[in-house]
Amino acid sequence: MNYSWKEAFTRVPDITWQDSSTLRHPLSISTLENLRRFLDYVHIKFCLLRPYCELEDYPLVSPQELLPSFESNLYEYQDLPGFSLVAFDRPVDYFQEIFQFDILHCVEDAFSSSSGPASPFEPAIIQQNHDVFLSRLPKVHQDRFKSTFNQDRVTDIRSYPSILPYVLNMDRGHVLAKNSAGDFYTAGIYASFPSDLDSELKRFGLRIGRFKPGDNRIYELNRPFVYQYLMELYGFPITSERRTSAALFSRRLFKMGEDFLIRVLGQSDRTLTTLSSLTPNSLYPQLDKIALVSVAKSQKDQFRELKKGGFLLEHDEPAVILRVHYRQHKYDPQNVRKDRALSVARQEIIHPLTGEVTSAVNLIKDTTLMTLILNDIVKGEYSGRVKYKRNEIVENTETHSKRLKFLYAWLRKHQRRIISYSDEFYTNVTKVLGNYLLDPTLNAEFQHLHQLYHEVWEQYSYIQQARKIKFLEDIKGKHYKGQKLNNLDMLKQAVRILTELKFDLVQYFDSITEHAILLGEGILNDSYLCRTYISPPQDQLTDYGQRIRTYYGRLVKLIDDFKAIRRSRSKTARSRTPAQST
């Protein structure tokens, strides 16, 4: 039977941070899935909702922050809770474990051979567990811990909500595992998750072909990409040690075939990130994030639907409890979106009282909201913060310099979505950008900001060209905008796309040209196409076959043009090298 939200209401006390008391009702959780449900309730209630209700200005998470790729956060909110934990679907084997932690003993295990609760060993074991807690707890919290727990069992899962305020005041992680009866309990505190970052990064980079053994230059050039891609697979940007070690520990446990759950709450991202083995037959751990997400009042339909269903929190700023499930992607160097490690699989809004879930309301992939934000940026009406090139925090959009920096960050953040989303969304984006970047009244302003202006145009041009490559990928698969293509239509569309792309190469990108050549050659080398329409003598072809051969020849010519452009760029680059080095 699944552990339910209703059970959590009746069995988890409404504790405060100042006055904790243990549960008095029996509680048994014996599956990892039920443990996750229990932890969802406890962590949402005490680590998200309580601060939201108690703080005057809780920093809600923007829906866009939960869209990959993730950016490192701008601030550390010291007043908010943060923690990391690991749960094993088995008993701990203290000496054999591959990480360090202070062990806590399950009272039931210790006197299982005795006569039950009356065992003389129980008080000593309880006291030993208390001593372990006190040894790692800051002095200011020790007296309250002693008076709160007295002779209570801190390891019992029903005590978990009560020990949580104290666990949050420790620097390191805590451990949950199963006792001899198969039920979960708190098995350890002060855990350090191993982070073999150097070896994992190099192995991963070599495996996907971005590193070469002993080649320092290639390592230097590609290391940022590999590092970001590897971390994003596990739900994080390149960020704090807590989240880095949690990501790499989950990677290691998954490779070992462990059944586990790792959860991290960062004080900067305000997000519960969970990595687990709950999804079978997957290449990576299951990844999801839970956060209190702001709801813009401009999202009128969503706002009305959420309020009607009781999902909306309206303490200060309107918000919802949002869980996002992600899908990891294998690295594909032939995909124009090759930097895409993650995509959103589904989003769920959780009812704060019943735990009911709805997926009917789209918050984070709302293209209307994205277009409104873009409009506000170019008009100078957007208030917020953005990190420009990882080292400069830009607040508001009151000047054109700030607007261009916001645009650069916005285009980088949403690059994959602009490439992949609907024609309607893409048209709206290009209209907004064109009206701003090509506004003749701003020529003088942009001339003074030439470098910034060029960076935004470069990013915008790449997206425009990459969208054509994405269409070419679809055409190679004989599909285009939802329509199935025959061989003639495939060639016609490929010729049209590559013709347009050739004239776009005034702003040249190596990767775009390489993709165009590879995809074009893939179409030309289609075995059925060559065998049926290209190899036979001309006089044996039907009118349909003759037309196919005509477009095939045009495609050959276009691919030759792209190769000539590539050679020309390569010669230009070589000719510049001596000058650049002097």
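Reading the values: rules and limits
Residues numbered from 1 in each chain as written. Predicted model: local features only at pLDDT ≥ 70, side-chain atom pairs only at ≥ 80, totals over all residues. Heavy atoms only, no water. Helix = DSSP H or I, 4+ residues; strand = E, 2+ residues; numbered from the N terminus. Buried < 20%, exposed > 50% of the residue type's maximum accessible area, 1.4 Å probe, protein only. Contact = heavy atoms within 4.5 Å. Axes fitted to C-alpha atoms, helices over the stretch in contact; angles between N-to-C directions. Parallel < 35°, antiparallel > 145°, perpendicular 65-115°, else oblique. Nonpolar A, V, L, I, M, F, W, Y, C, P; charged D, E, K, R; others polar. Salt bridge = Lys/Arg side-chain N within 4 Å of Asp/Glu carboxyl O. Pairing = 2+ DSSP bridges. Phe/Tyr/Trp six-rings, centres within 6.5 Å; stacked < 30°, edge-to-face > 60°. Lys NZ or Arg CZ within 6 Å of the ring centre and 35° of its normal. Core = buried A, V, L, I, M, F, W, Y, C linked by side-chain atoms within 4.5 Å. pLDDT = per-residue confidence, 0-100. 1 Å grid on protein atoms, 1.4 Å probe; cavity = no way out; pocket = protein on both sides within 12 Å on 5 of 7 lines; lining within 4 Å. Points joined across faces, edges and corners; volume = space filled by probe spheres on them. Disulfide = S-S within 2.5 Å.

Visitor: Whenever I open this one, the overall build of the protein confuses me. Can you help?
Guide: A tally of regular secondary structure across the protein gives 20 helices and 14 strands. With respect to the principal axes defined by its C-alpha atoms, the protein has extents near 100 × 60 × 55 Å. When burial is assessed residue by residue, the protein has 52% of its 582 residues classed as buried. In the protein, the proportion of contacts linking residues at least 24 apart, taken out of those at least 6 apart, comes to 68%.

Visitor: Explain the packing of helix H17 (residues 487-504) against helix H19 (residues 527-534) here, please?
Guide: A pair of packed helices can be characterised by two numbers: the angle between their axes and the separation between those axes. Relative to each other, H17 and H19 sit at 105 degrees, their axes nearing to 12 Å. The angle between the axes of H17 and H19 places the two elements in the roughly perpendicular class. Contact with H17, carried on its side by Asn487, Met490 and Leu491, involves Tyr528, Leu529 and Tyr533 of H19 and no other residues of that element. Class assignment of the residues belonging to the contact of H17 with H19 gives a composition of five nonpolar, one polar and no charged.

Visitor: In this structure, what is going on with unusual backbone geometry? I would like to understand it.
Guide: Among all residues except glycine, the phi angle is most often negative; among peptide bonds, the trans geometry is most common. The linkage connecting Pro68 with the following residue, Ser69, adopts the cis geometry, with an omega of 0 degrees. Here Ser69 lies in the loop between helix H2 (32-54) and strand S1 (83-88). The phi dihedral of Tyr190 is positive, around 55 degrees, even though this residue is not glycine. Relative to the assigned elements, Tyr190 resides in strand S4 (residues 184-192). Even without glycine at this site, Asn396 takes up a positive phi of about 60 degrees.

Visitor: Would you mind showing me how to read the pattern of salt bridges here?
Guide: Within the structure shown, the criterion is met by 37 salt bridges. The shortest N-O distance in the salt bridge between Glu455 and Lys389 comes to 2.5 Å. You can see Glu455 sitting in helix H16 (residues 450-476) and its partner Lys389 sitting in the loop between strand S11 (385-388) and strand S12 (392-395), a full 66 residues away along the chain. Exposure remark for Glu455: the relative accessible area of 8% places this residue in the buried category. For Lys389, a relative accessible area of 39% gives the class partly exposed. Of the charged contacts in the structure, one is a salt bridge between Asp561 and Lys557, with a shortest N-O distance of 3.0 Å. Of this pair, Asp561 and Lys557 both sit in helix H20 (residues 543-581), four residues apart, which is roughly one turn of the helix.

Visitor: Help me out: how do you make sense of the pairing of strand S6 (residues 271-276) in this one?
Guide: Remember that side chains alternate between the two faces of the sheet whenever the strand is regular. Summarising burial for S6: six of the six residues are buried, a large majority. Residues of S6 alternate between two faces, with Thr271, Thr273 and Leu275 on one and Leu272, Thr274 and Ser276 on the opposite face, all of them buried. Bridging between S6 and strand S7 (residues 286-294) involves six bridges; their strand directions are antiparallel. The residue of S7 that forms the bridge with Leu272 is Ile290.

Visitor: Which parts of the structure should I look at to understand the sheet that holds strand S8 (residues 319-328)?
Guide: Sheet strands line up and pair through hydrogen bonds in the backbone, either parallel or antiparallel. The strand order across the open sheet built from ten strands is S2-S4-S3-S1-S5-S6-S7-S8-S9-S10, with neighbouring strands paired in mixed fashion. Strands with a single pairing partner mark the edges of an open sheet, and in this sheet they are strand S2 (100-103) and strand S10 (357-358). Bridge count for S7 against S8 is eight bridges, and the pairing is antiparallel. Note that in S8 the partner of Ser294 across the bridge is Ala319.

Visitor: Could you clarify how one ought to interpret the pairing of S12 in this entry?
Guide: Of the pairings in the sheet, the one linking S11 to S12 comprises four bridges and is antiparallel in character. The residue of S12 that forms the bridge with Tyr388 is Glu392. Connecting S11 to the next strand, S12, in antiparallel fashion are three residues, including Lys389 with a positive phi near 55 degrees.

Visitor: Would you explain the packing of aromatic side chains in this entry?
Guide: How two aromatic rings sit relative to each other is set out by the distance from centre to centre and by the angle between their planes. All told, the structure shown has 29 aromatic pairs when counted by the stated rule. Between Phe149 and Tyr166 the ring centres are 5.9 Å apart and the planes differ by 65 degrees, which places this aromatic pair in the edge-to-face class. With Phe149 in helix H5 (residues 139-149) and Tyr166 in helix H6 (residues 160-167), this residue pair connects regions lying 17 residues apart in the sequence. Taking relative accessible area as the criterion, Tyr166 reaches 3% and is therefore assigned buried. Arranged with centres 6.3 Å apart and planes meeting at 80 degrees, the rings of Tyr528 and Tyr533 form a pair that is edge-to-face. Residue Tyr528 is classed as partly exposed on the basis of its relative accessible area of 38%. Among the aromatic residues, those joined into a ring-pair cluster are Phe88, Tyr94, Phe99, Phe101, Phe193 and Phe249. For Arg210, the ring lying beneath its charged end belongs to Phe225, and the centroid distance is 4.1 Å.

Visitor: I keep staring at the environment of Asp259 and nothing clicks. Help me out?
Guide: Along the chain, Asp259 falls in the loop between helix H9 (241-255) and strand S5 (260-265). For Asp259 and Gly380, which are 121 residues apart along the polypeptide, the C-alpha to C-alpha distance reads 50 Å. Setting aside residues no more than four positions away along its own chain, Asp259 makes contact with Leu32, Ala87, Phe88, Asp89 and Ser277.

Visitor: Teacher, can you tell me more about the nonpolar core here?
Guide: Proteins that are soluble and globular tend to have nonpolar side chains buried together. Among the nonpolar cores identified, the biggest contains 70 residues, and Leu404, Leu407, Trp410, Leu437 and Leu498 are the most heavily contacted of them. Element by element, the count of residues in this core is highest for H16, at eleven residues.

Visitor: Explanation requested: the confidence of the model for the protein in the structure shown.
Guide: Fine structural detail should not be taken from predicted coordinates in areas where pLDDT scores are low. Averaged over all residues, the pLDDT of the protein equals 85, while 91% of them reach at least 70. Note on residues 14-25: pLDDT under 50 across the span, and 36 contacts to partners over four residues away in sequence or across chains. In the predicted structure, residues 576-582 sits below a pLDDT of 50 and forms zero contacts with residues beyond four places in sequence or in another chain.

Visitor: What should I look at first to understand empty space enclosed by the protein in this one?
Guide: Rolled over the atoms, a probe with the dimensions of a water molecule shows which regions are left empty. Within this structure, the stated rule accounts for one cavity of 30 Å³ or more. By volume, the largest cavity is sized at about 40 Å³. Within the lining of the largest cavity, the residues separate by chemical class into three nonpolar, no polar and four charged.

Visitor: Looking at this model, I keep getting lost on the packing of helix H7 (residues 197-207) against helix H8 (residues 216-233). Mind explaining?
Guide: Orientation of H7 relative to H8, taken along the N-to-C sense of each, is 105 degrees, at an axis distance of 9 Å. With respect to their mutual orientation, H7 and H8 come out roughly perpendicular. Where H7 approaches H8, its residues Leu197, Glu200, Leu201, Lys202, Phe204 and Gly205 are matched on the opposing element by Tyr219, Arg223, Val226, Tyr227, Tyr229, Leu230 and Leu233. Considered class by class, the residues forming the contact of H7 with H8 number nine nonpolar, one polar and three charged.

Visitor: Even after reading the chapter, I still don't get the state of the cysteines, so can you show me in this structure?
Guide: By definition, a disulfide links two cysteine residues through a covalent bond between their sulfur atoms. This model, assessed by the stated rule, comprises zero disulfides. Free of any disulfide, Cys47 has its nearest neighbouring cysteine sulfur in Cys53, separated by 13 Å. With relative accessibility at 2%, the residue Cys47 sits in the buried group.

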